[in-house]
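What follows is the residue order along each chain.
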Amino acid sequence: MKPTTTIIGAGIVGMSTAAFLQRAGHDVTIIDRVGPGEGCSFGNAGGVAFAEIMPTVHPGVFRKLPGWLMDPLGPLTIRWGYLPKALPWFLSAARNTTPARVEEIVQARAALGMRVVSDFETLLGDAGRKDLLVYRETLRLFDDEAQFRAEAAERDTKKRHGFPCEIYSGDQVREMEPAVGKNVIRGASHGGWYFVLNPEGVVKAIAKTVVANGGKIIADDVRGIVHQDGKVTALTLAGGGRHPVENLVVCAGAYSHLLARQLGERVLLEAERGYHIVLPDSGVSISRSLTYARTPGAATPMEMGLRLAGTDEFAGLEAEPNYARADNLFHVFKKVLPGLQPPNERATRWMGRRPGTPDSLPVIGRSRTMSNVVYGFGHGHMGLTWGPTTGRLVSEILSNKTPNMNMDVFRVNRF
Ligand SMILES: Cc1cc2nc3c(=O)[nH]c(=O)nc-3n(C[C@H](O)[C@H](O)[C@H](O)COP(=O)(O)OP(=O)(O)OC[C@H]3O[C@@H](n4cnc5c(N)ncnc54)[C@H](O)[C@@H]3O)c2cc1C
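Residues numbered from 1 in each chain as written. Predicted model: local features only at pLDDT ≥ 70, side-chain atom pairs only at ≥ 80, totals over all residues.

(A) Just the packing of helix α1 (residues 12-23) against helix α9 (residues 199-212), in detail. Put simply, α1 and α9 touch, their axes get as near as 9 Å, and they point 30° apart. Here α1 is positioned roughly parallel relative to α9, judged by the angle of their axes. In the packing of α1 onto α9, the handedness of the crossing is left-handed. On the side of α1, the interface is formed by I12, M15, S16, A18, A19 and Q22, while α9 contributes V202, V203, I206, A207, T209 and V210. Grouping the constituent residues of the contact of α1 with α9 by class yields nine nonpolar, three polar and no charged. (Axes fitted to C-alpha atoms, helices over the stretch in contact; angles between N-to-C directions. Helix = DSSP H or I, 4+ residues; strand = E, 2+ residues; numbered from the N terminus. Parallel < 35°, antiparallel > 145°, perpendicular 65-115°, else oblique. Left-handed = near helix turned anticlockwise from the far one by under 90°. Contact = placed C-beta atoms within 7 Å. Nonpolar A, V, L, I, M, F, W, Y, C, P; charged D, E, K, R; others polar.)

Here's what the structure looks like:
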């Protein structure tokens, strides 16, 4: 008899988990209220950013916070009415910025990044869509020498962990990417940061393979988790059905803590809401993903046009999107891509909820309250990158293999 496993969530993490579990001999069913890759995994910046080992919140970020918070369209905003709810998360994030803790987080992120490319290749290879991954190093742009120097420590950290960053003059940058403006005086590679041509397409390609191999995708909303004697036995669905469970994996992105809570586990998870604008008629041609040191975010050439993506907004799961933040990304990148044309009627805007933990590490591992539940969520700014690797790790855990890395840092009961 094959083991059967139910996965809640058909984003990059859930679908990668389904694919690796199938490879390990499981019958899989995925339940999601939207289609594969239509949650946060739909609209990210496409960065396969395996060398991005610094935590999202680190002492350097805290120094920039006051300036950012003054600007309602800036890289980070908090809707003030929401602050009391988010406060425990921010306090925990602050506690995670001590040098010792940052080093621990960096090590965990570096370990997670090690097999990202081979895990992507496995899944995209199975799907016959390796063409979606572009092996071209992202370029970071600087228009200010002080900003360039300020990131020296970060580049050293990456180097120390085996991800060296090449440095380029402004002219070398323009040789690589002629669309970059003359104000850019420096460039740096990220020590390994590729990109995909269509993040939603990646998830849908994996989903197609999973279904072709006998997997089932159910379109429904998981409302309740039924458990007995330390084991989940069934899920209740909004459509009225009851889905029996042998093993359960929770990959529900920014909603995962709501499900974990039903199992008696408290997780600090915030929706770090990001935006994109896609410009099919951008007026510029770039061959790789570009980041701009003044403000977090990326400009990535994708199948559907140039995608400008980024920003972080704390407003909870349900607040209305503020698409002015998406439009503002045009003004940000116009500074380094002078030929960029303003959004026209073909431009599209999107908001997505990154599942953010206060220590910039995901939750990967067994539940401490239910013996047949494994978690895979909380990937924050790195879910596209770490999704396939998380899928492999979850499948190893459910196959009772010991993953070849320290998994304790990802445990669910650390909050
Ligand atoms: C602007 C922006 C740029 C980004 N850029 C990058 C990048 O360059 N590189 C990178 O690595 N990452 C990036 N990210 C982050 C990345 O997109 C996320 O970390 C990733 O998509 C999370 O994947 P997931 O599978 O955990 O969640 P999701 O894709 O959100 O999937 C979770 C799914 O669970 C479903 N679900 C939840 N609760 C239930 C329930 N009760 N019942 C049924 N279904 C449920 C949801 O409908 C959803 O489809 C970016 C994010 C944003 C917003």
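(B) Up close: the sheet that holds strand β13 (residues 242-244). Sheet architecture is open: three strands sit in the order β11-β12-β13, paired in antiparallel fashion. Whereas interior strands pair on both sides, the edge strands pair on one side only; in this sheet they are β11 (222-228) and β13. Shown here is a sheet whose adjacent strand axes are inclined to one another by a mean of 25°, direction ignored. Here strand β12 (residues 231-237) pairs with β13 via three bridges, running antiparallel. Looking at β13, one finds that A234 is bridged to P244. (Pairing = 2+ DSSP bridges.)

(C) A look at unusual backbone geometry. Notably, D229 is not glycine yet its phi reads approximately 50°, a positive angle. Take D229: it is sitting in the loop between β11 and β12. If you check the backbone angles, T311 has positive phi at about 70° while not being a glycine.

(D) Main features of the nonpolar core. Counting 73 residues, the largest nonpolar core has M15, V48, I206 and V250 as the members making the most contacts within it. Top element by residues in this core is α1. It accounts for seven residues. Apart from residues lying up to four places away in sequence, I206 is in contact with M15, S16, A19, L123 and A127. (Core = buried A, V, L, I, M, F, W, Y, C linked by C-beta atoms within 7 Å. Buried ≥ 20, exposed ≤ 12 C-beta atoms within 10 Å, placed from the backbone.)

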